Structure formats: structure tokens, C-alpha cells
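Summary of structural features
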Amino acid sequence: MNYENRVTVFIDILGFKDLLSKTTGKKGEDDSEKIKEIFSAYKTIRDVWDLDKTVPKYGKSLPKNSKEITTFSDCLVISFNTNEKSEIFYTLLEIKWMIMRLIYRGILCRGAITYGKLIHTKEVLFGPALAEAYILESKAALYPRVILHKDIIDLAGTARSQQHSSEEEKEYVESLLEKDSDGMYYIDYFAKAQEELDDPQYGFPDYIEKIGQKIRKGLIGSSNVYRSDIKVKYRWMKERYNKLIDSVQNENFIERLKKDGEFDLAETYLEFKKINPNA
């Protein structure tokens, strides 16, 4: 048996230990509602990749023979052969869907994407690519983001759809990403989330509110000096959230909404408050 060259994704649910601690009471009794919340999160993850279904949904491509997905505890591993056509784009899109659906449940995740030597079957999972993805997630991702180097974007250009040129394929991939201040690319679930909602126009304000609620709650919960590592994560989110509020309150954007007769929607956006930069 030899290794395959595979794109490898390692994703970790953040705060999973705290989530588990809330599933039992002081006397060890089960809290069925909290258990149900975690079960719902797992169900969300499985639904995005149709792990329990035989017919794909969301209009995405049919499952590829080489694609494998493994879930265990608070971790998720996805991998596929590096030569799968447009699979980098589709997988990034699916990860984005998962992140957004977990946010509605108040759950954040962090991850990293690499490529290299890996064996991934339904029974076996190991290889240098997985070790690299795990290290990148734990040492470099730092914040609630799924990161990748530019070489993954370049790889997408070589494993392009027949309908796209190499540059077009990379443009599609980059349309899902944002480059961070440390040079890493991450899947943008802030400003670039709107088009993935079931109702992009009217669902976006609700999505923005959900993110804001999660950040404010996280900043309050991490106010203790001993939770400074958690506070850093929410500060990173806060910066991107405030930029998002700036964009939806931009004068030109608001004027376009009013010109289209969407006065209530324009007013909804204007009512959003940025999170105090010093919070």
C-alpha cells in the first residue's frame, strides 16, 4: 500500500470541552437539551456532506470516488485526490456552508487545509498531510477560521473544471476567500456569506445579528484574565464584524436599497451597532 497525494482538511470545533461540560448537571445527571444541541451540531455537519444520504443536495456535484470524510469527537477530516476536477472549490464551499450553519447554533470552528501524502479510507486515516494540517490548525489558524496557503489556490488551477481556464478556476476559489493580515487565506464567512443564504437579501441581517450575538457573548465570557486566549479569538472576529457593519452601512449601499424601494431593509442595516473596538 502506498500513499496518495491528497488535499487534506482538518477542522476542530472550538470550545467543545465547555459544550460537553454543560451536558451533565452537578450531580452527574444528563441535560437532554444540551445533549440535543451537540447532536444537532453533528447532524448539521453530516447534512452538509450528505453523509447519511444517497442523493446529493444544495445543487453541488455528485460525490467523487476519492473523497473521504471522517468525523470523530470534535474533529472532522476531509480529503480527496489532488487531481479531482474543481473539488477544491466545491469543498471550500461546503466548509463555508458548515461554518455558517454552525454559527446559527452558536458554535465556532477552526481548521487548516494542506495537501500531500495521505491514506484515507473508511477504516484507516494517517499520513504526513494530516499531521501537517493538524499542526497548521493548532499553531497557525489561531482564530475561528479555516486557513490555507496560496499553493492550494494554485493547485486548484491545475485541477480545473473543463469549462474553466486555470485563472478562472483560481478566481472562483478566491471568491470564497479573504487574505488575512498574517498572509494566510481563510474562508470568509463574514462579508462573503450573503450569497450562500437561502434568502440572500432578507436573510443576511439575521445572519449578521447571529454573528454579533456570538461575538458579544464571547467577549463577555472571556473577560477573565485567565481566558485571554479565548478573548483573542473573539477580538479577531470583532474586527471583521465591524468591517462588515461598515460595508452594509455604506452610503452607496444604503442608497441602492432605497432606490429599489427596500426602505425597511435599509433601516434594518442602519440600526446595527458596531462592537466597541476596546471591548
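Residues numbered from 1 in each chain as written. Predicted model: local features only at pLDDT ≥ 70, side-chain atom pairs only at ≥ 80, totals over all residues. Heavy atoms only, no water.

1. Structural notes on the packing of aromatic side chains
Overall, the coordinates contain 13 aromatic pairs when judged by the stated rule. Seen from their ring centres, F89 and Y90 are 5.6 Å apart, and the 70° between their planes marks the pair as edge-to-face. Between the aromatic rings of Y104 and Y207, the centroid separation amounts to 5.8 Å while the plane-to-plane angle is 55°, which identifies the pairing as tilted. Taken together, the positions of Y104 in the loop between α3 (87-103) and β4 (109-120) and Y207 in helix α7 (residues 200-221) put the pair 103 residues apart, joining distant regions of the chain. In this structure Y104 comes out as partly exposed when scored by relative accessible area, which is 32%. Taken together, the aromatic side chains of Y143, Y186, Y189, F190 and W236 make up a single cluster linked through ring pairs. (Phe/Tyr/Trp six-rings, centres within 6.5 Å; stacked < 30°, edge-to-face > 60°. Helix = DSSP H or I, 4+ residues; strand = E, 2+ residues; numbered from the N terminus. Buried < 20%, exposed > 50% of the residue type's maximum accessible area, 1.4 Å probe, protein only.)

2. Some thoughts on the pattern of salt bridges
Going through the model one piece at a time under the given rule, you end up with 19 salt bridges. K170 is the partner of E167 in a salt bridge, and the nearest nitrogen-oxygen pair spans 3.2 Å. On the criterion of helical spacing, the pair formed by E167 and K170 is a turn pair, its members being three residues apart in helix α6 (residues 166-174). Each of R145, D180, D182, E239 and R240 takes part in salt bridges that share partners, so that together they form one network. (Salt bridge = Lys/Arg side-chain N within 4 Å of Asp/Glu carboxyl O.)

3. With respect to the packing of α7 against helix α10 (residues 263-270)
The interhelical angle for the contact between α7 and α10, taken along N-to-C directions, is 15°, at an axis separation of 11 Å. Here α7 is positioned roughly parallel relative to α10, judged by the angle of their axes. The two elements α7 and α10 cross, and the hand of that crossing is left-handed. On the side of α7, the interface is formed by Q201, Y202, F204, P205 and I208, while α10 contributes L265, T268 and Y269. (Axes fitted to C-alpha atoms, helices over the stretch in contact; angles between N-to-C directions. Parallel < 35°, antiparallel > 145°, perpendicular 65-115°, else oblique. Left-handed = near helix turned anticlockwise from the far one by under 90°. Contact = heavy atoms within 4.5 Å.)

4. Describing the environment of S86
Tracing the chain through its elements places S86 in the loop between β3 (75-81) and α3. C-alpha separation for the pair S86 and E171, spaced 85 residues apart in sequence, amounts to 12 Å. Filtering out sequence-adjacent residues up to four positions away, S86 remains in contact with A159, R160, S161 and E169. One polar contact links the side chain of S86 to the main-chain amide nitrogen of S161, over a distance of 3.3 Å. (Polar contact = N/O pair within 3.5 Å; in protein donor to acceptor, adjacent residues only side chain to side chain.)

5. Some remarks on the packing of α7 against helix α8 (residues 228-248)
Where α7 contacts α8, the axes come no closer than 9 Å and their chain directions differ by 150°. In terms of orientation, α7 and α8 fall into the roughly antiparallel class. Relative to α8, the crossing made by α7 is left-handed. Contact residues: α7 offers F204, I208, I211, G212, K214, I215, R216, G218 and L219, while α8 offers K231, Y234, R235, M237, K238, Y241, L244, I245 and V248. Class assignment for the residues of the contact of α7 with α8 results in eleven nonpolar, two polar and five charged. (Nonpolar A, V, L, I, M, F, W, Y, C, P; charged D, E, K, R; others polar.)

6. Considering helix α2 (residues 32-48)
Residues separated by three or four positions in an α-helix point in the same direction, a consequence of the helix having 3.6 residues per turn. The end-to-end C-alpha distance of α2, which contains 17 residues, comes to 24 Å, matching closely the 24 Å that a straight helix rising 1.5 Å per residue would cover. Along α2, the residues classified as buried are I38, A41, T44, I45, D47 and V48. Looking at the buried side of α2, the elements it contacts are β1 (4-13), α1 (16-21), β2 (68-72), β3 and α3. (Expected span 1.5 Å × (residues − 1).)

7. A short note on the nonpolar core
Of all hydrophobic cores here, the largest spans 71 residues; its most connected members are I95 and Y269. Of all the elements, α3 adds the most residues to this core, at eleven residues. If sequence neighbours within four positions are ignored, I95 has contacts with V9, I11, W49, I78, I113, V146 and I187. The next biggest cluster of nonpolar side chains, apart from the first, holds seven residues, and it includes C75, L118, A129 and A133. (Core = buried A, V, L, I, M, F, W, Y, C linked by side-chain atoms within 4.5 Å.)

8. What to know about α6
Regarding α6, the residues found buried are E169, K170 and V173. Along the axis of α6, the buried residues cluster in a sector spanning 95°; they form a single face. Against α3, α5 (150-158) and β7 (177-179) lie the buried residues of α6. (Arc of directions from axis to C-beta.)

Spatial relationships are all this shows, so hold off on functional conclusions.
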